[in-house]
Amino acid sequence: MRKIIFWVHTSIDGHIDGPKGEFDWPVMGEELSAYSEALSDRCDTFLYGRGVWEGMAAFWPNAESMSDHPHVLKFAPLWRETPKIVFSRTLKEAHWATRIIGDDLAEQVAELKRQDGKDLLLTGGSGLAAALTDHGQIDEYHIAVHPVVLGGGRPLFVPRDERLGLRLTESRTCDSQVVVMRYDRV
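Residues numbered from 1 in each chain as written. Predicted model: local features only at pLDDT ≥ 70, side-chain atom pairs only at ≥ 80, totals over all residues. Heavy atoms only, no water.

**Some details on empty space enclosed by the protein**
Any space left empty among the atoms is revealed by the rolling of a water-sized probe across them. By the definition in use, this model includes 1 cavity of 30 Å³ or more. Counted as a void, the largest cavity has a volume near 70 Å³. In terms of residue class, the lining of the largest cavity is built from 6 nonpolar, 2 polar and 1 charged. (1 Å grid on protein atoms, 1.4 Å probe; cavity = no way out; pocket = protein on both sides within 12 Å on 5 of 7 lines; lining within 4 Å. Points joined across faces, edges and corners; volume = space filled by probe spheres on them. Nonpolar A, V, L, I, M, F, W, Y, C, P; charged D, E, K, R; others polar.)

If you want it as structure tokens, here you go:
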């Protein structure tokens, strides 16, 4: 069975974006880029909620014209080639997306996990991750903690009625500044 891997960047104070939605603070050094690329290599499908999708679709199709960062140059072609699924109840079409899933989240994702193939990579966001967590469908949480205090923004984890037990299976420091932790569901 395929796994869903959640890959997310957060500030030290637990926000995935700034108070005005800004996402200009993650620094992709050589080691963090390699970690991210290794996660992508494990997967054959990228998963996005609508909000993250809009940011990704605005940047990655023409990323090389906007940045010459080595991570951008390496990841952009992979992003364009990899099938992408967007989860949204409001989005009706999405250029670059292979598919849009708008309802029956639990069953649709369970079916994706049953299909043959490599793992599925859910990048960023909090709403879709929370919904998939509630359904017990995220298998690995890879959290990159960046050395910045944003003072507000969307929280990494939305409030829950129940505790979520996780087991730390790996931690490392990348580029002498970002701590990456991998947790599996208990």
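Following the structure, the description resumes.
**Some words on the pattern of salt bridges**
Pairing between side chains becomes possible if they bear opposite charge and their charged atoms approach one another. Under the definition given, this model contains 16 salt bridges. With its nearest N and O atoms 2.7 Å apart, the salt bridge here joins D134 to R160. Here R160 lies in the loop between β6 (140–146) and β7 (166–174) and D134 lies in helix α5 (residues 127–134), a separation of 26 residues in the sequence. (Salt bridge = Lys/Arg side-chain N within 4 Å of Asp/Glu carboxyl O. Helix = DSSP H or I, 4+ residues; strand = E, 2+ residues; numbered from the N terminus.)

**Section: the layout of surface pockets**
Considering only enclosed or pocket space, the largest pocket measures out at about 890 Å³ in volume. If you trace the largest pocket, you find 31 residues lining it, with H9, F23, P26, M56 and W60 closest to the centre. Looking at the lining of the largest pocket, the elements that each hand over two or more residues are β1 (4–11), α1 (30–41), α2 (50–59), α3 (70–81) and β5 (119–123). For the lining of the largest pocket, the per-class residue count stands at 15 nonpolar, 12 polar and 4 charged.

**Topic: the UniProt feature "domain: Bacterial bifunctional deaminase-reductase C-terminal" (unreviewed entry) in the protein chain**
In the UniProt entry, the feature "domain: Bacterial bifunctional deaminase-reductase C-terminal" (unreviewed entry) is given for residues 2–180. The annotated region residues 2–180 carries 29% helix and 26% strand content, and the separation between its end C-alpha atoms amounts to 22 Å. (UniProt positions renumbered as here; feature names shortened; annotations may be inferred.)

**Structural notes on the sheet that holds β7**
Pairing between sheet strands relies on hydrogen bonds along the backbone, with the strands arranged either parallel or antiparallel. Overall, mixed pairing links the 8 strands, which are arranged β4-β3-β2-β5-β1-β6-β8-β7 in an open sheet. Of all the strands in the sheet, the pair left with one neighbour each is β4 (99–101) and β7. Taking the axes of each pair of neighbouring strands and ignoring which way they run, one obtains an average angle of 25° across the sheet. Relative to β4, strand β3 (residues 84–87) runs parallel, the two sharing 3 bridges. Note that in β4 the partner of V86 across the bridge is I100. (Pairing = 2+ DSSP bridges. Axes fitted to C-alpha atoms, helices over the stretch in contact; angles between N-to-C directions.)

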